[in-house]
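The lines below spell out each chain.
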Amino acid sequence: MDNKQFDVVALGELLIDFTQNGVSEQGNLLFEANPGGAPANVLAMLRKLGKRCAFIGKVGKDGFGDTLEKTVADAGIDTRGLKRDPEVHTTLAVVHTFPNGDRDFSFYRKPGADIMLHADELDEELLRSCRIFHFGTLSLTDEPCKGATVRAYELAKEAGALISFDPNLRPPLWPDEESAKAAIEWGLARCDILKISDNEIEFMTGTSDFDKGAAILYERFPNIRLLNVTAGGDGSHSYYNGRHVFVPACKLGGVIETTGAGDTFCASVLNYLLEHGIDNLWDADLNAMLRFANTAAYIVTTKKGAIRSMPEREQVEELLKKI
């Protein structure tokens, strides 16, 4: 697997996040158009860490699509798998930020270009050429992108890639909770590496006790080799081979918004696995992995947006020396 052309290929949404950025002289809210989308965010951070990445997805043949394609390319991410839809506009999301930095999303996506990716548009060579294939559930909400996601997973798995999954639950995009749970279960049953948030593990297991929730998921989905739970400002947990490691969050203040924090964490974990492997990890390894991931995620929360806010490795390492 080490001779693959790409370290990570990710499939999913690439969109514009409109984030609040002050108030006009007339008292109207001002919004900044930030390039985003969880899978692309993950790749952007991985590129900062020197990994070879490619994105698979679709945007509209419009101004926002132009911006997104350029942003991804400028980040050093291979864009041969990015398609342009001449009829459906680029997906948009309005991010409402609360005083503590948490967010609420409103999506303009009925349809949006990201869900119009067809299985026959996949660059199959990309999927056969990656060490890790990463995806979430936003590409499972609607056809034809759902079928494209299933096919992409099959191609990557057949070629020996590790499978990384982040549920990235966005309730407004689902007709009901049952549909969302079914899609998350599909991903849980196929991944080697799971990044799941505190609210998502409770959504899937019915418990807010992370130890109990992790045990439930491992019992139901024994394919999962590494399970990481992000708990926002509290920190993160790693469950691996019957062991549990917790690392508190980096709390130095200055949090503006949390967009991209989970994706930065996820990318940092994948980077650690690419450099150290997924076999024979010990508590010290898991601790180092979580400390770096937590710190990188914190840095992103002190900025607006995600793709253009990812820190350099040196920034993370320098902050780690101080805390």
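Residues numbered from 1 in each chain as written. Predicted model: local features only at pLDDT ≥ 70, side-chain atom pairs only at ≥ 80, totals over all residues. Heavy atoms only, no water.

### Observations regarding the pattern of salt bridges
Quick note on the threshold: Think of a salt bridge as a Lys or Arg side-chain nitrogen and an Asp or Glu carboxyl oxygen that are within 4 Å of each other. Helical segments are the DSSP runs of H or I of at least four residues, strand segments are the runs of E of at least two, and each set is numbered from the N terminus. Note on classification: 1.4 Å probe, protein chains only; a residue is buried when its accessible area is under 20% of the maximum for its type, exposed when over 50%, partly exposed between these limits.
Using the criterion set out here, one finds 19 salt bridges in the structure. Here aspartate 114 and arginine 109 are joined by a salt bridge, their closest N and O atoms 2.7 Å apart. Taking the shortest distance from any N to any O, the salt bridge between arginine 220 and glutamate 185 comes out at 2.8 Å. Taken together, the positions of arginine 220 in helix H7 (residues 210-220) and glutamate 185 in helix H5 (residues 177-188) put the pair 35 residues apart, joining distant regions of the chain. Residue arginine 220 is classed as partly exposed on the basis of its relative accessible area of 41%. Of the residues examined, glutamate 185 reaches a relative accessible area of 30% and is grouped as partly exposed. The network of salt bridges with shared partners includes Asp7, Arg52 and Arg131.

### Here we look at the layout of surface pockets
As a reminder, the rule being used: With a 1 Å grid spanning the protein atoms alone, the term cavity applies to any set of points in which a 1.4 Å probe fits but cannot get out, the term pocket to an open set with protein on both sides within 12 Å along at least five of seven lines, and the term lining residue to any residue with an atom within 4 Å of a point. Grid points are joined across faces, edges and corners, and a volume is the space filled by probe spheres set on the points. Under the grouping applied here, Gly and all other residues not named as nonpolar or charged are polar, the nonpolar ones being Ala, Val, Leu, Ile, Met, Phe, Trp, Tyr, Cys and Pro and the charged ones Asp, Glu, Lys and Arg.
In this model, the second largest pocket occupies a volume close to 190 Å³. Each residue belonging to the lining of the second largest pocket can be placed in one class, and the counts come to 6 nonpolar, 1 polar and 3 charged.

### Section: empty space enclosed by the protein
Over the atoms rolls a probe the size of a water molecule, and in doing so it shows where empty space is left. By the definition in use, this model includes 1 cavity of 30 Å³ or more. Approximately 40 Å³ is the volume found for the largest cavity. Around the largest cavity sit Glu13, Ala38, Pro39, Val42, His134, Phe135, Gly136, Asp166, Asn168 and Asp263, which together line it. Classifying every residue of the lining of the largest cavity by side-chain character gives 4 nonpolar, 3 polar and 3 charged.

### Some words on the packing of aromatic side chains
As a reminder, the rule being used: Here a pair means two rings of Phe, Tyr or Trp (six-membered ring of Trp) with centres within 6.5 Å. Their orientation is stacked below 30 degrees between planes, edge-to-face above 60, and tilted elsewhere. We call a charge positioned above a ring when the Lys NZ or Arg CZ atom is no farther than 6 Å from the ring centre and deviates by at most 35 degrees from the ring normal.
Applying the stated criterion across every chain yields a total of 5 aromatic pairs. With centroids separated by 5.0 Å and ring planes inclined at 40°, the aromatic side chains of phenylalanine 135 and phenylalanine 165 adopt a geometry described as tilted. Placement of phenylalanine 135 in strand S8 (residues 130-136) and of phenylalanine 165 in strand S9 (residues 162-166) is noted, with a sequence separation of 30 residues between them. Residue classification places phenylalanine 135 among the buried residues on the basis of a relative accessible area of 0%. Between tyrosine 153 and tryptophan 186, the ring centres sit 5.6 Å apart and the planes meet at 75°, which makes this aromatic pair edge-to-face. One end of the pair, tyrosine 153, is in helix H4 (residues 145-158); the other, tryptophan 186, is in helix H5, and 33 residues separate them in sequence. This pair shows no difference in class: tyrosine 153 is buried, exactly as tryptophan 186 is. Among the aromatic residues, those joined into a ring-pair cluster are Phe133, Phe135, Tyr153, Phe165 and Trp186. Stacked on the ring of phenylalanine 203, the Lys or Arg lysine 181 has its end atom at 5.1 Å from the ring centre.

### What about the confidence of the model for the protein chain?
Heads up, the rule is: By definition, pLDDT measures how confident the predictor is in each residue, and it falls between 0 and 100.
When pLDDT is averaged across the protein chain, the result is 94; 98% of the residues are at 70 or more. At the level of individual helices and strands, the protein chain shows its lowest average pLDDT in strand S7 (residues 103-108), which scores 79, and its highest in S9, which scores 99.

### Quick look at a nonpolar patch on the surface
As a reminder of what qualifies: Patch members must show over 30% relative accessible area and no salt bridge, and they are joined within 9 Å when carrying like charges or within 5 Å when they are nonpolar side chains of Val, Leu, Ile, Met, Phe, Trp or Tyr. Only the protein chains shown count as cover for residues, and the accessible areas themselves come from Shrake-Rupley with a 1.4 Å probe.
A surface patch of nonpolar side chains, amounting to about 270 Å² of accessible area, comprises Val23, Leu29 and Phe31. When its relative accessible area of 33% is taken as the criterion, phenylalanine 31 is described as partly exposed.

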